[in-house]
Amino acid sequence: MFKKIMKGAHRKASRTEANDSSMYGFDPPGRSGPGSNMVVNHASRGSLIPSSPGSMVATAQPPPMYSVEPLPLFRDVSVSERQSLFLRKLQICCFQFDFTDTLKNAREKEIKRQTLLELVDFIQSGAGKLTEVCQEEMVKMISVNIFRCLPPASHENTGQEPADPEEEEPYLEPSWPHLQLVYELLLRYIVPSDTDTKVAKRYIDHSFVLKLLELFETEDPREREYLKTILHRIYGKFMVHRPFIRKAMNYIFYRFIYETERHSGIGELLEILGSIINGFALPMKEEHKLFLIRALIPLHKPKPIAMYHQQLSYCIVQFVEKDYKLADTVIRGLLKFWPMTNCTKEVLFLGELEEVLEATQTVEFQRCMVPLFQQIARCLSSSNFQVAERALFLWNNEHVVGLIAQNRSVILPIIFGSLEKNTESHWNQAVHGLSANIKRMFMEMDPELFEDCQQQYEEKQAKSKQVEEQRQDRWRRLDEAVEEREREDPMITC
C-alpha cells in the first residue's frame, strides 16, 4: 500500500512540473525542453564547501524558483545577505525565453534583463568577493544562456550553392539584449586581476573553452566580437589552457580548409592568433613552426579568403618577423597555393607577398627567387590589368628593389620577356607605362645586362617565329598533298 501511495505522489508531482512550463510560457532553470540549453560539466559541480581552509564560508543555495519575479536590489539588503541574493538572481537569469515573438513574456524578459544588469554592476563594482559556490553557479548560468544550438546558415537546407559571404546580410541573434549582458558578465568575471585563477579554472575548464570556440560559428558579428575578447582574455589569464586553445584552433582551421570552407569566425580567431604569435619566445618552438606550415599557409586555399585575408597576412608576417629563416618556407607556401584563375585572390597574394618580402633577408630571398619571379613574370603578363598593375607596384618598395638589384643577373632574364610584351602590346595604358618605367630602371642599373637580355629576347623571338613558319609550312605541304591525292582519285572525296 505504501509503495502505491508513493507512486501516485510521484505521478502528481510530474504532472505539476509539466504544467508549470506551459503555465509560465518559458522553461524553468534546469528543465529540459525546446528552450533549454546544454550545461558545461564542471569537475566541482555539487560541492558547496570550499576546498581550501582559507576560503570564505560557503553560501547555502536557495530553493529552486519556478517563476520570474523581481528581487530586491543589492544596495537594499545587508552585506551578509548579498551572496544569497546573488544566487537567487542567478536563478532568474537561468530562465529561457522565446525571442522570435517580442510580445511573449515581455514582463519576464525585462525582469531578467534588469537582473543581468544588476549582476554586471555588482561584479564590476567589486562590492564583495564571490564565494566558490557563487562563482560556480554564475558559470552555470552563463553556460545555460550562451551554449546553445546555432541556427543553420542561410544557404543550408535549401539545396542552393552558398552565396558569397560578403554579399549576405549578417544574421542577428534575436536574444541579443540578454546575451550581450551575459557575455559582459563573463568578461567582468575574467578580466579583474583579483580573480583567483586557481579557483576560476575549475569552472572555466577545457569543456567550457571548447564550447566557447564552437560559438565562433555564429553569424552575428556582435557575438563574435565578444567571443574574441573573452577568449583572448582567457588565453592570457589561464596559462594552463594555452596549449589546449591552440590545439583546438588547429582543428577548427583543418576542418575549414579540408572539409567545409564555411566558418564565420576565422577572421576573429586569426586576430587572437596574431596577438599570440607576437608573444612567442625565441627560439621558436617546433610546434609553432608546424602550426604555420600545416594550418596558416593552407588557409590560403579556401575560396572565401577575402573574408579573413587581412588577419591571415598579419599572422604570416609576424612569423617571418619573429624568425627571418621562415621567409623561404612562407614564400614557397604562397607559391604552392597561388590561384590560377581567380584574379581577386591573385591581387591579395601579391599584396601579402610584398609584406613578406619587406621582412625577408638576402640569404632567404636567394633561396626562392627563381620560382618566385617566374610566378611574378606570369602576373606581369596577365591580361587582367589589376593583377599586372599590382605586380608592377612591387618595384615601388625600396626594400624589394634592393633585393632585386642585388640579384638582377638572375631576376632580369626571367621577367624581361613579360616587360617587353607589356610595352609592345598590353591593352592597358597604366600597365604599359609602368612596364616602360621598370625597363628604364634596369637599363640605368646595369646597361650591359639589359643589352644582353634584349639580345636574348630578340633571338628567342626570332627562333619562335622560325618555328612558327616551319609549322605553317608543314601544314601547307600537307594540304597540297591532300589536294593532289584527291585529283588522282576522285573517289576519296566521296
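Definitions and cut-offs
- Residues numbered from 1 in each chain as written.
- Predicted model: local features only at pLDDT ≥ 70, side-chain atom pairs only at ≥ 80, totals over all residues.
- Heavy atoms only, no water.
- Helix = DSSP H or I, 4+ residues; strand = E, 2+ residues; numbered from the N terminus.
- Buried < 20%, exposed > 50% of the residue type's maximum accessible area, 1.4 Å probe, protein only.
- Contact = heavy atoms within 4.5 Å.
- Areas by Shrake-Rupley, 256 points an atom, 1.4 Å probe, with all protein chains shown as cover.
- pLDDT = per-residue confidence, 0-100.
- Phe/Tyr/Trp six-rings, centres within 6.5 Å; stacked < 30°, edge-to-face > 60°.
- Core = buried A, V, L, I, M, F, W, Y, C linked by side-chain atoms within 4.5 Å.
- Disulfide = S-S within 2.5 Å.
- Polar contact = N/O pair within 3.5 Å; in protein donor to acceptor, adjacent residues only side chain to side chain.
- Salt bridge = Lys/Arg side-chain N within 4 Å of Asp/Glu carboxyl O.

Draft legend 1. Structural detail: the overall build of the protein. When you go through the protein residue by residue, the secondary structure sums to 20 helices and zero strands. Out of the 494 residues belonging to the protein, those deemed buried represent 45%. Counting only contacts in the protein whose residues sit at least 6 apart along the sequence, the fraction spanning at least 24 positions is 74%. In the form shown here, the protein has an accessible surface area of approximately 26,800 Å², with 52% of it arising from carbon and sulfur atoms.

Draft legend 2. The confidence of the model for the protein, seen in detail. Across the protein, pLDDT averages 85, with 83% of residues at or above 70. In this model residues 1-26 is a low-confidence stretch, pLDDT under 50, and it forms 16 contacts with partners more than four residues away in sequence or in other chains. Between residues 30-58, whose pLDDT stays under 50, and residues either more than four places distant or in other chains, the model counts 60 contacts.

Draft legend 3. Broad picture of the packing of aromatic side chains. Considering all chains together, one arrives at 16 aromatic pairs under this definition. On the numbers, 5.7 Å between centres and 75° between planes, the contact of phenylalanine 256 with tyrosine 308 is edge-to-face. With phenylalanine 256 in helix α9 (residues 242-260) and tyrosine 308 in the loop between α11 (286-296) and α12 (309-322), this pair connects stretches of sequence that are 52 residues apart. For the residue pair phenylalanine 256 and tyrosine 308, the accessibility class agrees, reading buried in each case. Ring geometry for tryptophan 338 and phenylalanine 349: centres 5.4 Å apart, planes at 75°, overall edge-to-face. Placement of the pair is tryptophan 338 in the loop between α13 (327-336) and α14 (343-358) and phenylalanine 349 in helix α14, with a sequence separation of 11 residues. The buried category is assigned to phenylalanine 349, whose relative accessible area is 0%.

Draft legend 4. Quick peek at unusual backbone geometry. Geometrically, the link from leucine 282 to proline 283 is a cis peptide bond, its omega value of 0° lying close to zero. Residue position: proline 283 is located in the loop between α10 (266-278) and α11. Phi at asparagine 105 is positive, roughly 55°, even though this residue is not glycine. Position of asparagine 105 relative to the elements: it lies in the loop between α2 (82-93) and α3 (106-125). Even without being a glycine, glutamate 261 presents a positive backbone phi close to 55°. Looking at where glutamate 261 falls in the secondary structure, it is placed in the loop between α9 and α10.

Draft legend 5. Region of the structure containing the nonpolar core. Residues Phe253, Leu296 and Trp395 are the most contacted members of the largest nonpolar core, which totals 131 residues. The contact partners of leucine 296, leaving out residues within four places of it in the chain, are Leu270, Ile277, Phe291, Leu312, Cys315, Ile316 and Phe319.

Draft legend 6. The arrangement of the state of the cysteines in detail. Throughout the structure, instances matching the rule amount to zero disulfides. We note that cysteine 93 lacks a disulfide partner, and the nearest cysteine sulfur, in cysteine 94, lies 7.3 Å from it.

Draft legend 7. Structural detail: helix α17 (residues 398-406). Where α17 is concerned, the buried positions are Val400, Val401, Leu403, Ile404 and Ala405. Taken together, the buried residues of α17 touch α14, α15 (362-380), α18 (408-425) and α19 (429-445). Between the side-chain oxygen at the start of α17 and the backbone nitrogen of histidine 399 there is a gap of 3.0 Å, and the oxygen is on asparagine 397.

Draft legend 8. Inspection of the pattern of salt bridges at higher detail. Taken as a whole and assessed by the stated rule, the structure comprises 26 salt bridges. One salt bridge in this structure joins glutamate 132 and arginine 202, with 2.7 Å as the shortest N-O distance. Here the residue glutamate 132 occupies a position in helix α4 (residues 132-146), and arginine 202 occupies one in the loop between α6 (197-200) and α7 (206-214), the gap between them amounting to 70 residues. With relative accessibility at 29%, the residue arginine 202 sits in the partly exposed group. Glutamate 287 is the partner of arginine 246 in a salt bridge, and the nearest nitrogen-oxygen pair spans 3.2 Å.

Draft legend 9. Broad picture of the environment of glutamate 69. Among the secondary structure elements, glutamate 69 is positioned in the loop between α1 (2-24) and α2. On the basis of relative accessibility, which here comes to 37%, the residue glutamate 69 falls in the partly exposed class. As for glutamate 69 and isoleucine 92, which are separated by 23 residues in sequence, their C-alpha atoms are 7.9 Å apart. For glutamate 69, the side chain forms a polar contact with the side chain of arginine 107, separated by 2.8 Å.

Draft legend 10. Expanded view of the side chain of threonine 115. On the secondary structure map, threonine 115 appears in helix α3. Taking the relative accessible area as the measure of exposure, threonine 115 reaches 5% and is therefore buried. One polar contact links the side chain of threonine 115 to the main-chain carbonyl oxygen of isoleucine 111, over a distance of 2.7 Å. When near neighbours in sequence (up to four residues on either side) are disregarded, threonine 115 contacts Lys89, Ile92 and Cys93.

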